[in-house]
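The residues making up each chain are set out below.
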Amino acid sequence: MNPQMLVDSASTVPLPAPWWFVEFFKVLGFTLHLAPMHLWFAGLLVAMMLRAGGGLHARTFSRRFAKQMPVLVAFGVNFGIVPLLFLQLAYYQFFYPATILMAWFWIAIVAILIPAYYGVYLYAFGLRDDDPAGPSAFRRWIGWGSAVMFIVIGFLFVNGLSLTSSVDAWPAVWKDHQVAGAATGTGLAAFYVPMVWPRWLMMFGLALETTAAWIVLDAAWFARRETDDYRRWAGRFAFGLAVVGAAWFAAAGSWYVFGTWPGPVRETMFAWPAMILTAITALSPGLPVVLLAMLTQRGFSRTAATIVAATQFGVLAINAVSRQVVQNLEIGKFTDLAGQTADIQWSPLILFLVIFALGAVVILWMVAQVVKAARST
Amino acid sequence: MHYPWWYVPYSTGPMLIALVAVVHVLVSHYAVGGGLFLAVETAFAYRKQHRDYLAYLRRHARFFILLTVVFGAITGVAIWWTIGLASPLATEVLIRTFVFGWAMEWVFFVIEIASAFIFYYWWGRLPERTHVRIGWIYALAAWISLVLITGITAFMLNPGDWPGNRTFWVGFFNPQFIPQVVARTGGALLLASLYVYLHASLSIKDERLRELVSRRSIRPSLAGAVMITAGGAGWYVFLPPSAIAVLPSAAVLNVFMGLIVAMTAVVFAALYFGPYRNPSWLSPGFAAMMLIFGFGAVSIGEFIREAVRKPYVVYNVVLGNQILPEEMPRLAESGVLAGGTWTRAFVTDRYPELIRDDRLDLDRLAALHHADRVALGEVLFQYQCNDCHAAANGYSAVGPLVRGRSPREIQRLILDFRNTHFYMPPWAGTPEEAGLLADYLRAIAPDNPEGMFLGGNAREDDR
Ligand code: HEM
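Residues numbered from 1 in each chain as written. Chains lettered and ligands numbered in written order. Predicted model: local features only at pLDDT ≥ 70, side-chain atom pairs only at ≥ 80, totals over all residues. Heavy atoms only, no water.

Draft legend 1. Examining the overall build of chain A more closely. For chain A, the count of helices and strands is 12 helices and 2 strands. Mapped in sequence order, the helices and strands of chain A form the string α-α-α-α-α-β-β-α-α-α-α-α-α-α. The C-alpha atoms of chain A give a radius of gyration of 22 Å, which matches the 21 Å a tight globule of 377 residues would have. Within chain A, the fraction of its 377 residues that count as buried is 58%. Within chain A, residue pairs in contact and separated by at least 24 positions form 83% of the contacts whose partners lie at least 6 positions apart. A total accessible area of about 15,200 Å² is found for chain A, and carbon and sulfur atoms account for 71% of it. Between the averaged position of the 23 positive side-chain charges in chain A and that of its 16 negative side-chain charges there is a distance of 12 Å. (Helix = DSSP H or I, 4+ residues; strand = E, 2+ residues; numbered from the N terminus. Rg over C-alpha atoms; globule rule 2.2 N^0.38 Å. Buried < 20%, exposed > 50% of the residue type's maximum accessible area, 1.4 Å probe, protein only. Contact = heavy atoms within 4.5 Å. Areas by Shrake-Rupley, 256 points an atom, 1.4 Å probe, with all protein chains shown as cover. Lys, Arg positive; Asp, Glu negative; His and termini not counted. Charge placed at Lys NZ, Arg CZ, Asp CG, Glu CD.)

In structure tokens, the structure reads:
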């Protein structure tokens, strides 16, 4: 079956925003989603391991991190809404069929997310600063359970998005999982789209590095009660973790690019000018490693930690941009994405931007109140 | 048609939407009303320097966050998940129409989360005035997000002038907008008070404090009940005529309408005789009873709100079976099997000889074996009927609905939907396709139950 047959014609409702606007918010939203998501995707597992087998400082970090987790999950999930909205807006012809073909796995995300999220709270509520014994065995199990569930959710996301851009695989999934032409929703992309595995692993490697950046950022800004000795440990550990993460990213990324990219995508991404983007994406995760090495050599400082974190955020942004370029290449084979007929809703668009700016002001005001209160206590 | 249809055995996919939506609504209304409760009552407690009440409010805030930020937020995300899977065409149309409504709503979500966490985690560390202000920021942001989403859900029931003038604001300020905002705001006030009563009755030992809570929340709850009633009346007045006609035509909705009136009356009476006249009555059992009845009324209301849209998902814009009304002439011409994206792919793959020049070849169709006719009929069932009907067993299963009818009778019934069953989408395909569907339905229709003595020989029909 020619997969093009399965791609529906364009919507009868025109695109309400300029194309660049859609792409901008999709990439921005995804970058904002990535940063906290990495902390629960890989970070929580690291924290559980440190709690089980680490020394004094490792346990201190683990405790701090687990307590931050509920807030991180809340914001990370919330930021995920932005790319989801713009993905559905402009890639509906691809996103809906793909997720319907794997409907039960896709919907499992929310079913798993609820216990994983409550688990994080349960574990965090069991942590006391002054309690050497730590949380009860029951709560520790819950913590491990959440860490595993987040990794599974990440896997399901990779399945959904890989299938969204792998139209070539749709006929086979549909054929194997249908009742009279209707999808049963039981086709897991990983069995049909080889790129799922390296993509998932690649994300995990990058997530380790983001966790490393968070460790130093937290030690620099939020850990006033901890000792200088703790901060030195944080720098050293973060460096080690970032080395592992970057190496892992390089290995899985090579598998992804050389082993699973469709030929035309590879040709374009290795040709001028996309080649520059490919090279920057591949090399950029080295930068935080170098910066962390300098931080451990020259001594821990707030400035250094902030630079590491900002650089890692830049790495994530570059990654999000490349991902978008590749997604557009894969899908662009089947439809003219940027050429969708548009009828721009200017007044709602501008109102949204105004509200976006005002919302940022309100949030900054609230944060300023908190900072003021923190200074005075 | 446009998208692959997701076959969910027994329940049907759209029922999953209803299920998730109802669960979400029970918490999200509390997320709005409870925020108002916390802001108003914290201000009151500070003013009176009521230490015990403040301590209680802090416990309540913790419960509130655990329920709304986790369960409330994720079930809201779950609605997105299920509508995309079970009603993709309608979701596509709604998102391309209202993306900025949702984007604005998202900004208020971020404000809600930030203010809720600060309100709770920084309790006792912020100056009192600042603390109360943050509570108000939460309450306001939550209510605005309610208003924004209501514009979109109200649109689905009555888009007003939008089909002729497809602009954002015409769609957003639709005839159902104000009634539904009033009803939902009332629902938020009422449900929040009922949550507060249950939580307080379980967690406050001191009788005097419990009475205080009881008295403080009675006025918002009664005001909420009045607003639900007023908004409900407005909802009815601004229903499209077909929706008003659906109400009596489905037996289950009649029962539900009766139930909702009864449950609301019970909650009203309980509030009046309980917290209003006898604030000391606030026992856990009594509070739980009120909350259960409140849940019942709101869930049923939500279910009816969804159900009366038949045969549409978005009134006059998208039909229940994921077809746009303006596509009907084209499909009547080509046939559904040749005219839908996924149905055409199915036929091209399995019965390539049936499609010629983009339409069904009727001669070859007529020559098909019975088993193939049934197989194609099942495809038609999936793509035309499964939104609202399970197959042989389950929710509104269609097998029993055609019990005892011959294929010809069924075919005639289907072709006549347009005249006789306005709450179902009219038949979209060709008469020959209706014949295929009839063969399939005949194959899954059960026989009459055995063992019934009716005083004579049963009619022998023309099977
Ligand atoms: C329920 C709330 C969430 C929403 C709305 C959401 C949204 C999204 C969206 C829209 C994307 C795709 C971005 C794009 O390609 O443009 C994405 C990617 C991803 N999300 Fe989330 N997310 C959520 C929760 C999570 C959770 C709990 C995890 C667990 C680790 C997670 C892990 C991922 C991963 C690994 C990807 C990358 C998939 C890939 O492209 O290979 N997300 N998310």
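After that view, the rundown keeps rolling.
Draft legend 2. Region of interest: the site of the ligand. Near the ligand, the surroundings consist of 23 residues, among which Lys 26, His 33, Phe 157, Arg 199 and Arg 323 of chain A are the closest. More than one chain approaches the ligand, the contributing ones being chains A and B. Where the shell around the ligand is concerned, the elements lending two or more residues are α1 (19-53), α2 (56-101), α4 (137-164) and α6 (196-221) of chain A together with α2 (51-86) of chain B. (Near = heavy atom within 4 Å.)

Draft legend 3. Highlighting the interface of chain A and chain B. Contacts between chain A and chain B engage 78 residues on the former and 72 residues on the latter. Roughly 7,000 Å² of surface becomes buried between chain A and chain B when both sides are summed, with 77% attributable to carbon and sulfur atoms. When residues of chain A are sorted by the area they lose upon contact with chain B, Met 5, Leu 85 and Met 366 of chain A head the list and together hold 9% of the total. Taking the shortest distance from any N to any O, the salt bridge between Lys 175 of chain A and Asp 349 of chain B comes out at 3.8 Å. Scanning the region where chain A abuts chain B turns up 15 residue pairs in polar contact (both at pLDDT 80 or more). (Buried area = accessible area lost by both parts, 1.4 Å probe. Salt bridge = Lys/Arg side-chain N within 4 Å of Asp/Glu carboxyl O. Polar contact = N/O pair within 3.5 Å; in protein donor to acceptor, adjacent residues only side chain to side chain.)

Draft legend 4. Here's a closer look at a positive patch on the surface. Taken together, Arg 224, Arg 225, Arg 302 and Arg 375 of chain A together with Arg 58 and Arg 125 of chain B make up a surface patch of like positive charges. Position of Arg 125 of chain B relative to the elements: it lies in the loop between α3 (88-121) and α4 (128-157). (Patch = residues over 30% accessible without salt bridge, like charges linked within 9 Å, V, L, I, M, F, W, Y side chains within 5 Å.)

Draft legend 5. A look at the domain arrangement of chain B. Residue and element names in this part refer to chain B. Each domain of chain B was delimited in the assignment, giving domain 1 (13-319) and domain 2 (325-448 + 458-462). Centre-to-centre separation of domain 1 and domain 2, based on C-alpha positions: 41 Å. The interface is formed by 15 residues belonging to domain 1 together with 10 residues belonging to domain 2. Between domain 1 and domain 2, a total of about 980 Å² is buried, with carbon and sulfur atoms accounting for 73% of that surface. Considering only the side of domain 1, the residues that lose the most area to domain 2 are Lys 310, Pro 311 and Leu 319, jointly responsible for 42% of the buried surface there. Where domain 1 touches domain 2, the interface holds 0 salt bridges. The tally of links from domain 1 across to domain 2 stands at 0 residue pairs in polar contact (both at pLDDT 80 or more). (Domains from an automatic or database assignment.)

Draft legend 6. Seen up close, the environment of His 24 of chain B. Residues and elements named next belong to chain B. With respect to the secondary-structure elements, His 24 resides in helix α1 (residues 13-48). With a relative accessible area of 16%, His 24 lands in the buried category. C-alpha separation for the pair His 24 and Trp 81, spaced 57 residues apart in sequence, amounts to 13 Å. Look past the residues within four positions of His 24 in its chain and what remains in contact with it is Gly 72, Thr 75, Gly 76 and Ile 79.

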